[in-house]
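# Examining the three-dimensional arrangement
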Amino acid sequence: MTEIYPHKIESKDVNLYYENFHALKGISMSVEKNTVCALIGPSGCGKSTFLRLFNRMNDLIDGVKIEGKCLIDGKNIYSKEVKIDELRKRVGMVFQKPNPFPKSIFENVAYGLRVNGISHKTLIEERVERSLKQAALWEEVKDKLKKSAMQLSGGQQQRLCIARALAIEPSVVLMDEPASALDPISTSKIEELIYELKSQYTIIIVTHNMQQAGRVSDSTAFFYMGELIEYDLTKKLFTNPSDTRTQDYITGRFG
Amino acid sequence: MDYYKRKLIVEGIAFWTFRSLSFIVIGILFSILGFIIYKGSSVISWEFITEMPKDGMTKGGIYPAIIGTLCLIGGSIIFAFPIGVMSAIYSNEYTKHGYFRSFIQLMTSNLAGIPSIVFGLFGMALFVNQLGFGDSILAGSLTLGLLVLPIVIRTTEEALKAVDDNFRQASFALGATKLQTIHRVTLPIALPNILTGLILSIGRVSGETAPILFTVAAYFLPKLPTSIFDQVMALPYHLYVISTSGTNINDSRAMAYGTALVLILIVLILNLTASIVRRYLSKKNNIN
């Protein structure tokens, strides 16, 4: 398809309900290709729920109702023709808590390939190596690929999870507070990584850490009580927010 | 008396009550074991476990009953394990939380509460008569399988519930389907705990008398089965027979203790094997 869409990712007037709870209220925003978008806001503001719209992880929860449109490359991912597993192949996800499978390091990275029907041995080996290199983990694990992933440190486990997500060659990577369970050194490694991955992927990252949002992102969205209060370039939002609630939040007055 | 002193005394009484009660329980267990070993060990010999019973079951061995019990353990597990595990997978992984899931689980619990003699009667009516299997290993195994099905289902459900949801989510997020997730992630992680269900079922199957009474057990049958439609002797029923209705109960008393000891040893050995496999699998998962 040669047509060029204006935005890589876009949400149009999205409402989401958990049973009777209105968790996302009319969210419309867009993220450009090869940029990092940070979602910030106090706990329970809907930023993680919003993130999970784009690989349809909210569908796994009983009693969720979603209205509106979510577009990736201009196509509504909630339309009936979209197959969820195909979508999730294009949209990788990294979770808050490092969650490698209790399998070997190699098998963790190969998992996404195997479940998507790739069984060619050399192809899998190449992809595993490339993904681990992209996730800046290769040098640390190349001699122990057959060892259990559970033996790695928390920071290494999280980079392994990033490698695992990259192995299936997504174009979008969703990160749900990827560094919140890690120590400062591991955190800075993950941040460097996000900065490097930007050239190939479009990344949305949920974070509680305002400095982190400032360091890694191009644009930042501030969510509060299920609403998108402000969305702007990160520089602008952190230095000159236009809403007082944003101002109060980033200066630490609440949340 | 001051408050702190009273608190200390109450704490002490509670501690010693709990401790002595648990010691009593262990004591009872050991005295049963000790009694059986003391009474039975003199009978146990190579001949006892490899020969047919002789002289109105007062001499010879219990070989056919051992083989019979092993057949019934194997047969019922082959039947109950796949069905139990699969239905637990259905109720835990596929149904949503709500009335239907609760209903399935309530039914499972009810099934577990049915007295085993009722299973025996049902097995006789359905498998022996209606389906025409006759008194046979097949009928007995199916009946015992029904009996342990709830145990297998319940422990499998618990094992699946214990699998951290993060693993499932990670799998789905990589584009895996539900079945792929169950097959490659959830089941391998739950397997050590599912094996607990297997261990419990083996113990249950090998000891039950009532369900096999009308469906498979032979009073005296000094030959080995050649097909699944043959009757067999079984250890618990043999024990019952030689203790209550043998030709010479006094002479066969020692044989009874020997039989009991063999029964306990079989369960012990099978449990031990299953524990070793379980430990090996847990280590392989290395989750903690």
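Reading the values: the criteria
- The written sequence of each chain sets the order in which its residues are numbered from 1.
- Labels follow written order: the first chain is A, the first ligand is 1, and so on.
- Whole-chain, interface and lining totals are the exception, using all residues; otherwise, since this is a predicted model, local features are given only for residues with pLDDT of at least 70 and side-chain atom pairs are given and counted only at 80 or more.
- In DSSP terms, a helix is any run of H or I states spanning at least four residues, a strand is any run of E spanning at least two, and both are numbered starting from the N terminus.
- To sort residues by burial, count the other C-beta atoms lying within 10 Å of each one's C-beta; a count of 20 or more means buried, 12 or fewer means exposed, and anything in between means partly exposed. C-beta atoms are built from the backbone.
- Pairing between strands is defined by DSSP: at least two bridges between the two strands are required.
- Interaxial angle, 0 to 180 degrees, is taken between N-to-C directions of lines fitted to C-alpha atoms, where a helix line uses only the stretch in contact.
- In this description, a residue-residue contact is defined by the distance between C-beta atoms placed from the backbone, which must lie within 7 Å.
- In this classification, Asp, Glu, Lys and Arg are treated as charged, Ala, Val, Leu, Ile, Met, Phe, Trp, Tyr, Cys and Pro as nonpolar, and every other residue, Gly included, as polar.
- In this scheme, roughly parallel covers angles under 35 degrees and roughly antiparallel covers those over 145, while 65 to 115 is roughly perpendicular and the rest are oblique.
- Less than a right angle of anticlockwise turn of the near helix away from the far helix marks a crossing as left-handed, whereas a clockwise turn marks it as right-handed.
- On a scale of 0 to 100, pLDDT captures the predictor's confidence in every residue.

## Overview of unusual backbone geometry
Residue and element names in this part refer to chain A. You will see that aspartate 13, though not glycine, has its phi angle at about 50°, which is positive. Along the chain, the position of aspartate 13 falls in strand E1 (residues 9-18). Positioned with a positive phi, alanine 136 is a non-glycine residue whose angle comes to about 55°. Within the secondary structure, alanine 136 sits in the loop between helix H4 (121-134) and helix H5 (138-141). The class of alanine 136 is partly exposed, set by 17 C-beta atoms lying within 10 Å.

## Quick notes on the sheet that holds strand E10 (residues 227-233) of chain A
Residue and element names in this part refer to chain A. What the 6 strands build is an open sheet, ordered E6-E7-E8-E3-E9-E10; its pairing is mixed. At either end of the open sheet lies a strand with only one pairing partner, and these are strand E6 (91-94) and E10. Across the sheet, the mean angle from the axis of one strand to that of its neighbour is 15°, orientation sign disregarded.

## Brief notes about helix H3 (residues 105-115) of chain A
Of all 11 residues in H3(A), 9 are buried; the element is thus mostly enclosed. Among the residues of H3(A), those classed as buried are Ile105(A), Glu107(A), Asn108(A), Val109(A), Ala110(A), Tyr111(A), Gly112(A), Leu113(A) and Val115(A). Along its buried surface, H3(A) packs onto H4, H5 and helix H6 (154-167) of chain A together with helix H8 (178-207) of chain B. After H3(A) finishes, the residue Gly117(A) shows a positive phi value of roughly 85°.

## Thoughts on the interface of chain A and chain B
Tallying the contact residues gives 21 residues for chain A and 19 residues for chain B. Of all the secondary-structure elements, those providing two or more residues to the side of chain A that touches chain B are helix H2 (84-90) and H3 of chain A. Split into classes, the residues belonging to the side of chain A that touches chain B amount to 10 nonpolar, 5 polar and 6 charged.

## Description of the packing of H3(A) against H4(A)
Residues and elements named next belong to chain A. Between H3 and H4, whose axes approach to 9 Å, the crossing angle comes to 115°. Viewed along their axes, H3 and H4 adopt a mutual orientation that is roughly perpendicular. Where H3 crosses over H4, the two elements pack in a sense that is right-handed. Together, Phe106, Val109, Ala110 and Leu113 of H3 and Ile124, Arg127, Val128, Ser131 and Leu132 of H4 make up the contact between the two elements. Residue composition of the contact of H3 with H4, by class: 7 nonpolar, 1 polar and 1 charged.

## Describing the environment of Leu33(B)
Assignment of secondary structure puts Leu33(B) in helix H1 (residues 3-40). Using a count of 13 C-beta atoms within 10 Å as the deciding quantity, one classes Leu33(B) as partly exposed.

## A look at the confidence of the model for chain B
Per-residue confidence for chain B gives a mean pLDDT of 88; residues scoring 70 or more make up 97%. Under the prediction, the complex receives an ipTM of 0.91, its pTM being 0.84.

## Quick look at the sheet that holds strand E2 (residues 21-31) of chain A
Residues and elements named next belong to chain A. Across the sheet, 4 strands lie side by side as E2-E1-E4-E5; this open sheet has antiparallel pairing. Two strands bound the open sheet, and with one partner strand each, they are E2 and strand E5 (75-76). Bridge count for strand E4 (residues 64-72) against E5 is 2 bridges, and the pairing is antiparallel. In the strand pairing of E5, leucine 71 is matched with asparagine 76.

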